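Structural features, examined
For reference, the chains in residue letters:
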Amino acid sequence: MDLGYASSGDDDAAPTPLAGTPFASVSAPMLPQPASDDEGDDDFDATDAFGIAKISATGASTSTEKAAAKAEAVRASAPDVLVNDPSVSSTSLITRPSDSVIFFNSTYEDMTRPVEGPANPWSDRKMTQMNTLTGHVEQQAISEQAFKTQQRSFAVLGYAANPSFGAEGYVGDLAAAASNGGDFIGDVKQSRATIRATKRRRKAKGTLGEFDDPDEEEDEAAGEGAEGEDAEMEVGEDGEPRKRKKKEKAQKEYIGPWAGWEGENIATVKPTEEEWEEQAEKGGKPLTKKERSRPVIDAGKQIGFGEEKSTFHGKELHDYLGRSYLHIPTDVDVNLKPSEPGLQETFIPKKCIHTWSGHTKGVSKIQLFPGSGHLILSGSLDTRVKLWDVYNEGKCLRTFNGHTKAVHDVTFNNDGTKFLSAAFDRQMKLWDTETGQCLQAFSNGKIPYCVKFHPEKQNVFLAGMSDKKIIQYDMGSGEITQEYDQHLGPVNTINFVDDNRRFITTSDDKTIRVWDYDIPVVIKYIAEPSMHSMPAVGVHPNKKWLAMQSLDNQILIFGADSFKQNRKKRFAGHTIAGYACEPQFSPDGRFLSSGDGQGNMVFWDWKTCRIVSRFKAHNQVIISHAWLPHETSKVVTSSWDSSIKLWD
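The structure contained in this document is the topic of the report that follows. (Residues numbered from 1 in each chain as written. Predicted model: local features only at pLDDT ≥ 70, side-chain atom pairs only at ≥ 80, totals over all residues. Heavy atoms only, no water.)

Let us now look at the packing of aromatic side chains. Following the criterion strictly, the structure yields 24 aromatic pairs and no others. Ring centres 5.9 Å apart and planes at 90° place the aromatic pair Y159 and Y170 in the edge-to-face group. Of this pair, Y159 sits in strand β3 (residues 159-161) while Y170 sits in strand β4 (residues 170-172), placing them 11 residues apart in sequence. Y170 sits in the partly exposed class, given a relative accessible area of 33%. Their ring planes at 75° and their centres at 5.5 Å tell us that Y484 and W515 sit as a pair that is edge-to-face. In this pair, Y484 sits in strand β20 (residues 479-484) while W515 sits in strand β23 (residues 512-516), placing the two residues 31 residues apart along the sequence. W515 gets classed as buried once you look at its relative accessible area, which sits at 0%. One aromatic cluster is present, formed by F369, F400, F412, F419 and W431 through successive ring pairs. (Phe/Tyr/Trp six-rings, centres within 6.5 Å; stacked < 30°, edge-to-face > 60°. Helix = DSSP H or I, 4+ residues; strand = E, 2+ residues; numbered from the N terminus. Buried < 20%, exposed > 50% of the residue type's maximum accessible area, 1.4 Å probe, protein only.)

Here's what the structure looks like:
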């Protein structure tokens, strides 16, 4: 390309400096002077920076050579020159490569004009159901406010504007539209008579500063009559007196805008027939027609201590040697009595080999028998606690009935002879695993969310309550010996660390707090703006790491000694959707596992933090699961579909 510089072969080119001659001694300039004054600075026009006027004037030049030279200059500067005149069309959008801001005001007609022209065959956004049996679907642009106005008008008044493009009129109840003059929901005004009739139906809102007497009982005999001569008068919402029925209790305490309406019937909403069928499709127990029509009864009466029952489902409680089901079996293929679990290498399970069914509602917690894992203890939302056999017949051994509401947590003591159950009926009960007898009952009037035996002092247990406290019970006296009150929300988990001298708790207040045992003072407080609530915690087999299930769909790792987050390890890829799915480690610590909200089991490699396996295990969320301590690849899972499964 000719850049306008003289070539090395020209006669009048500047002489080349000799070697060793300084640059200052060169008398001739390095760049040539302009050949003529026509191409100098005198021809520059500040009002025509891009040379548009020169381009149009090129055709009027009489010199052929000058015209050819200017045409060559136009061709060389094509990327920076506009060929079209901007004055040709005032609505054209003309841009230059050097423009950084484009000023263009489109007209209202252009913005509201319907989409025309051929459809894009490569576009993914297509209306697949444009022509249907019920009509023709058209793509329109409508604001959210206009759409809600038409939707509310159709739902309340029975009519709305015709949404078809270019059409006029209304759809729906045309008579109602004519009576209202075509006004929509925001324009229709009620008459004064209608407003007064509505206010008359409103009950009295009470008097500010007065309170109802809780000991005052209503006179049943006086409430049997309807409106009569002795009917009392009270001031309604509209300020006018109205008659109050004798069976109606006078409102004294101020309730303000929460006052009820005459004829209002507030009752418990029952599941519809479709909801029952949907529950049966998801794996729940299908109910009969009689069970569906039975009203839902909220068992407000608690089962007192001594009224608990347990049922043994086996043939014999003891074998020929006098051993109960607590005895660790020795006639199985696996040695259940090694020095410690986790000595064998573990692998990922692949298929379901057994299913335990017996609960009628979701299973909220499972716990393996300490050491051997030959028994499974399960707490369910159907208020029952069940004990299951793993290796022999794989059946339910005993059912414990002692709660009136859903069981939230169960936990064994060190030797498995006793266990604690915590339920939403505000009761915590201590059971004998072998006989099924309820030994003790504890309650402070609040809902227990988690219970934990002290690993060394087996007569002491801690409970995380809904009133933001951790309470410490002594089972010998049955009294509360300590209260840890620092959390700002219900306590979800309790885990002992540092050789059982300390314990770490998580709460709904999105914080982690570390306590010294028997000292109600926080020694470590962990809270960050980016932290979420961590309702489930798993402990690594080496006792050095804690895996905490965060509600932002990830599992975070904290050190059990330094209580610092290991930011190099983060396990994600599952969706728990607000469920407290428990994370668990394999016996050798190679894998980290967790359920999710869709009923899947997810397994991560502990070193690489990558997902190594994912499979569908249940129809609903998997809240709790456990690895068998002496098996290579067996995992027990429990779900809200009321089933417990064994995978290998």
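Our focus in this paragraph is the sheet that holds β23. Taking strand neighbours across the sheet as the criterion, the 4 strands line up as β21-β22-β23-β24 in an open arrangement whose pairing is antiparallel. The sheet terminates laterally at β21 (491-497) and β24 (522-526), the two strands that pair on one side only. The mean inter-strand angle of the sheet, taken between neighbouring strand axes irrespective of direction, is 20°. Here strand β22 (residues 502-507) pairs with β23 via 5 bridges, running antiparallel. When the sheet's bridge partners are listed, F503 is paired in β23 with W515. (Pairing = 2+ DSSP bridges. Axes fitted to C-alpha atoms, helices over the stretch in contact; angles between N-to-C directions.)

Once that is clear, we can look at the pattern of salt bridges. Enumeration according to the criterion identifies 13 salt bridges in this entry. A salt bridge links D319 to R323, with the nearest nitrogen and oxygen atoms 2.9 Å apart. The class for R323 is partly exposed, based on a relative accessible area of 30%. Through salt bridges that share partners, D498, R501, R502 and D516 make up one connected network. (Salt bridge = Lys/Arg side-chain N within 4 Å of Asp/Glu carboxyl O.)

Let's shift gears to the sheet that holds strand β31 (residues 600-605). Strands sit in the order β29-β30-β31-β32 across an open sheet of 4 strands; the sheet is antiparallel. For this open sheet the edge positions go to β29 (584-585) and β32 (611-616), each flanked by a neighbour on one side alone. Bridge count between β29 and strand β30 (residues 591-595): 2 bridges; the pairing is antiparallel. What sits directly across from Q584, in β30, is S593.

This paragraph deals with the pairing of strand β28 (residues 565-572). Where strand β27 (residues 554-559) lies against β28, 4 bridges are found, and the strand directions are antiparallel. Paired with F558 across the strands is Q565, a residue of β28. Between β27 and β28, which pair antiparallel one after the other, the connecting turn spans 5 residues, and F563 there sits at a positive phi close to 60°.

Let us look at unusual backbone geometry. Although it is not a glycine, T383 adopts a positive phi angle of roughly 75°. Among the secondary structure elements, T383 is positioned in the loop between β10 (375-380) and β11 (384-389). The backbone of K543 sits at a positive phi, close to 65°, despite the residue not being glycine. Considering the arrangement of structural elements, one finds K543 in the loop between β25 (536-539) and β26 (545-550). K543 gets classed as exposed once you look at its relative accessible area, which sits at 61%.

What follows covers the side chain of K365. Locating K365 in the fold gives a position in strand β9 (residues 363-368). A polar atom in the side chain of K365 sits 2.9 Å from the side chain of E582. Apart from residues lying up to four places away in sequence, K365 is in contact with L377, S378, G379, H408, D409, V410, E582 and S624. (Polar contact = N/O pair within 3.5 Å; in protein donor to acceptor, adjacent residues only side chain to side chain. Contact = heavy atoms within 4.5 Å.)

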